[in-house]
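A closer look at the structure
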Amino acid sequence: MSITSAINLFRQLTLDESQSSNPSPLPLVNEACFDYLFIEMVAALRASSDATSTKSDQDPSLQESGTHQHSELGSRASTTGPTDTTRPSETDDNINEALYYKVEQVGYRVGQRLAERYSKDRPRLADTLDMVKFVCKDIWTKLFRKQIDNLKTNHRGVYILQDNKFKWLLRMSGDDGVVHATKRVAPYLWFPCGIIRGILANLGVDCTVTIKDTNLPQCTFQIKVVKPPV
Amino acid sequence: MAKQYKTLGEDIWKNRVETINAELFIFTYGSIVAQLVKDFEDYEQVNKQLEKMGYNIGVRLIEDFLSRSGWGRCTDFKETMEVISKIGFKMFLNIAPTVTNWSTDSKVCSLILDENPLNDFVELPLDTQHKLWYSNILCGVLRGALEMVQMQIEANFISCVLQGDDISEIRVQFIRHLQEELPNADD
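As the structure is a computational prediction, the values presented were derived from the model and not from experiment.

On to the overall build of chain A, then. Helix and strand counts for chain A come out as six helices and five strands. Burial analysis of chain A (230 residues in total) assigns 34% to the buried set. Sequence separation of at least 24 residues holds for 63% of the intrachain contacts in chain A that already meet a minimum separation of 6.

The structure is reproduced here in structure tokens:
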């Protein structure tokens with residue numbers, strides 16, 4: 001073997017090596033781990049909503065605000081907590097609001113971290129549409145191994161993201177009809193809403209994210225950009 | 001014998017489970033812990049909640065474990081712990097903690113977590129020193145899963161690298177075999 005070919009070979013080797021180690025392979029865990037955690041998360045936060053709503057009198061600032069649009073919900077829920085265990089449906093709603101706030105916050109923080117982790121090595125995202133596309137393509141592929149199925153926008157700050165087979169809903173079902181099932185599924189969807197909002201917030205876009213409709217296992221998210229006060 | 005567990009564990013990890021990006025799992029867990037700390041403002045309570053979450057997970061996860069591994073009855077607690085480490089932990093978190101520090105009556109031992117994906121990216125505030133056991137969910141998982149196979153145990157963290165300790169160590173104590181309760185007859 002001539003020296004030049006040896007050098008070439010060597011060069012190829014090192015190139016290959018650098019390609020395979022960078023981007024470094026993502027660490028993996030069993031998919032079931034996340035599924036279990038995802039299910040328990042809502043249950044645990046519901047328990048903690050119950051707990052915090054009973055001690056809210058002493059500490060109304062508990063639901064410290066990281067969000068603009070939900071801080072009102074949160075603090076209202078925490079200041080009107082019941083002290084007895086048999087609570088009327090009105091306080092149930094409050095608990096639900098507190099739960100919403102918490103699940104959404106947990107997702108929000110996850111979203112922020114995901115954005116930091118995955119946006120650092122890519123070119124700058126020029127505008128909001130680019131950022132939403134980043135969510136639909138990059139993030140969705142990282143999390144679900146697929147892209148969002150459909151993205152629509154009115155070019156005035158509203159984006160509709162539709163996933164026809166949302167992975168976290170695939171194994172959910174109910175025997176008492178679609179309406180009930182949809183209602184029970186809602187708390188689980190506040191989590192991805194929070195994730196999306198967290199990602200966009202981290203990229204500099206203030207927005208609200210809501211579920212537009214669900215038809216298990218299809219799911220549609222609506223992003224509304226909050227216009228900064230002029 | 002020990003090698004057999006290891007081979008089976010690796011085989012299951014490679015061929016019989018779906019894997020996902022660990023970061024989502026890690027971030028989500030971290031975010032949940034942060035939320036619980038905020039809600040309860042008491043590390044004792046947070047530990048308890050995490051353990052409870054783990055317990056609920058454990059009682060479900062054991063089915064998954066048994067069906068995927070096809071593992072039968074273990075002869076003694078020592079074997080159980082080896083199986084948990086080499087097959088159980090391997091299959092779910094892709095780690096295999098070291099089982100060591102057995103008591104003379106073989107009822108208490110330690111799981112040393114040389115690596116722990118939950119700890120990735122995590123730094124705890126100083127005031128949590130030996131009060132918040134960040135990965136306490138694992139203790140609950142052990143308790144829940146073993147209870148489903150009629151073993152009552154107690155598991156506790158006694159040291160954790162996040163607290164500045166050299167190693168992360170879960171102390172596991174075997175308490176007793178639970179009596180198998182026959183379900184009520186249908187007729």
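Okay, back to it.
Counting residues in hydrophobic clusters, the biggest one holds 91 residues, and the most contacted among them are Cys33(A), Ile196(A), Ile199(A), Ile223(A), Phe25(B) and Leu142(B). Sequence-distant contacts of Leu142(B), defined by excluding residues within four places in its chain, comprise Gly58(B), Ile153(B), Ala155(B) and Val172(B).

Another aspect to go through is the packing of helix α3 (residues 43-69) of chain B against helix α5 (residues 137-147) of chain B. Residue and element names in this part refer to chain B. Put simply, α3 and α5 touch, their axes get as near as 6 Å, and they point 45° apart. Taken together, α3 and α5 sit at an angle that is classed as oblique. Crossing of α3 over α5 shows right-handed handedness. The class makeup of the residues in the contact of α3 with α5 is 14 nonpolar, five polar and four charged.

This part is about α3(B). The largest bend along α3(B) reaches roughly 35° and is located at Arg60(B). Following α3(B) by one or two positions, Gly70(B) has its phi on the positive side, about 65°.

Contact residues are listed per partner, giving 31 residues for chain B and 29 residues for chain A. Listing elements by their share of the side of chain B that touches chain A, those giving two or more residues are β1 (19-21), α2 (22-40), α3 and α4 (77-93) of chain B. Among the elements that make up the side of chain B that touches chain A, the one with the highest residue count is α2(B) (14 residues). For the side of chain B that touches chain A, a count of residues per class yields 18 nonpolar, eight polar and five charged. Pairing of strand β1 (residues 28-30) of chain A with β1(B) involves three bridges; the strand directions are antiparallel. Counted as the bridge partner of Leu28(A) is Asn21(B) from β1(B).

Turning our attention to the sheet that holds strand β2 (residues 98-100) of chain B. Residues and elements named next belong to chain B. Taken together, four strands build an open sheet; the order of strands is β2-β3-β5-β4 and the sheet is antiparallel. In the strand order of this sheet, the two ends are held by β2 and β4 (151-159), each with one partner. Between one strand axis and the next, the sheet turns through 25° on average, direction left out of account. Where β4 meets strand β5 (residues 169-177), eight bridges bridge the pair, whose relative direction is antiparallel. Its bridge partner being in β5, Ser159 is matched across the sheet by Glu169.

Calculation criteria
Residues numbered from 1 in each chain as written. Chains lettered and ligands numbered in written order. Predicted model: local features only at pLDDT ≥ 70, side-chain atom pairs only at ≥ 80, totals over all residues. Helix = DSSP H or I, 4+ residues; strand = E, 2+ residues; numbered from the N terminus. Buried ≥ 20, exposed ≤ 12 C-beta atoms within 10 Å, placed from the backbone. Contact = placed C-beta atoms within 7 Å. Core = buried A, V, L, I, M, F, W, Y, C linked by C-beta atoms within 7 Å. Axes fitted to C-alpha atoms, helices over the stretch in contact; angles between N-to-C directions. Parallel < 35°, antiparallel > 145°, perpendicular 65-115°, else oblique. Left-handed = near helix turned anticlockwise from the far one by under 90°. Nonpolar A, V, L, I, M, F, W, Y, C, P; charged D, E, K, R; others polar. Bend = angle between axes of the 7 residues up to and from the residue. Pairing = 2+ DSSP bridges.

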